[in-house]
Amino acid sequence: QVQLVESGGGSVQPGGSLRLSCTASGSIFRLLRSIFSIDAWGWYRQAPGKQRELVATITSTGSTNYADSVKGRFTISRANTKNTVYLEMNSLEAEDTAVYYCNATLATKSYWGQGTQVTVSS
């Protein structure tokens, strides 16, 4: 199977920082990974009552893309040898409160993690 497991979520005050991690694993993942590169990683988020939205993506060539609302505050990076993607979140705002989901595109298929809660509140 292919498993994506996020970690690093939690509660923080406005202006604080968090670092999310997501690691891919599983027998099918290892098989696919031996043949293909991960085309792209992404972080998405879903706030209560809202649709899931893109936060940031990073491609196999290292090209990044960010939602306007997080530009300059969030940074996406990856560690290919660890099959891991990170999301460094600084200057957090109440509006950043959401469940954050990791996504990986591998061999044209898209895989999702189970999500990790980020709560920004004073």
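Here we look at the confidence of the model for the protein chain
1) Next: Residue-level pLDDT values for the protein chain average 93, and 100% of them are 70 or greater.
2) Next: When mean pLDDT is taken per element in the protein chain, strand S11 (residues 116-120) scores highest with 98 and helix H1 (residues 27-33) scores lowest with 82.

Here we look at the state of the cysteines
Simply put, disulfide is the name for a covalent bond between the sulfur atoms of two cysteines.
1) Next: This model, assessed by the stated rule, comprises one disulfide.
2) Next: Each sulfur of the disulfide joining Cys-22 and Cys-102 lies 2.1 Å from the other. Disulfide Cys-22 to Cys-102: torsion about the S-S bond roughly -80 degrees, handedness left-handed. On the criterion of sequence distance, the pair formed by Cys-22 in strand S3 (residues 18-25) and Cys-102 in strand S9 (residues 98-106) is long-range, its members being 80 residues apart.

Focus: a nonpolar patch on the surface
1) Next: A cluster of nonpolar side chains, Leu-31, Ile-35 and Phe-36, forms an exposed patch at the surface whose accessible area comes to about 300 Å².
2) Next: Residue position: Phe-36 is located in the loop between H1 and strand S4 (38-46).

Examining the pairing of strand S1 (residues 3-7)
1) Next: Along S1, the buried face is formed by Leu-4 and Glu-6; none of Gln-3, Val-5 and Ser-7, which line the opposite face, is buried.
2) Next: Pairing geometry for S1 and S3, over five bridges, is antiparallel. Paired with Ser-7 across the bridge in S3 is Ser-21.

Observations concerning the environment of Val-118
1) Next: Take Val-118: it is sitting in strand S11.
2) Next: Sequence separation between Val-118 and Val-12 is 106 residues; the distance between their C-alpha atoms is 7.9 Å.
3) Next: When neighbours within four sequence positions are excluded, Val-118 is seen to be in contact with Gly-9, Gly-10, Leu-18, Leu-20, Met-89, Asp-96, Thr-97, Ala-98 and Tyr-100.

Some thoughts on the pattern of salt bridges
1) Next: On inspection of all chains with the given rule, the structure shows six salt bridges.
2) Next: A salt bridge links Glu-93 to Arg-73, with the shortest nitrogen-to-oxygen separation between them at 3.9 Å. Here the residue Glu-93 occupies a position in the loop between strand S8 (84-89) and S9, and Arg-73 occupies one in the loop between strand S6 (64-66) and strand S7 (74-79), the gap between them amounting to 20 residues.
3) Next: Shared partners join several salt bridges into a network, and the residues in it are Arg-45, Glu-53, Arg-73, Glu-93 and Asp-96.

Definitions and limits used
Residues numbered from 1 in each chain as written. Predicted model: local features only at pLDDT ≥ 70, side-chain atom pairs only at ≥ 80, totals over all residues. Heavy atoms only, no water. pLDDT = per-residue confidence, 0-100. Helix = DSSP H or I, 4+ residues; strand = E, 2+ residues; numbered from the N terminus. Disulfide = S-S within 2.5 Å. Patch = residues over 30% accessible without salt bridge, like charges linked within 9 Å, V, L, I, M, F, W, Y side chains within 5 Å. Areas by Shrake-Rupley, 256 points an atom, 1.4 Å probe, with all protein chains shown as cover. Salt bridge = Lys/Arg side-chain N within 4 Å of Asp/Glu carboxyl O. Buried < 20%, exposed > 50% of the residue type's maximum accessible area, 1.4 Å probe, protein only. Pairing = 2+ DSSP bridges. Contact = heavy atoms within 4.5 Å.

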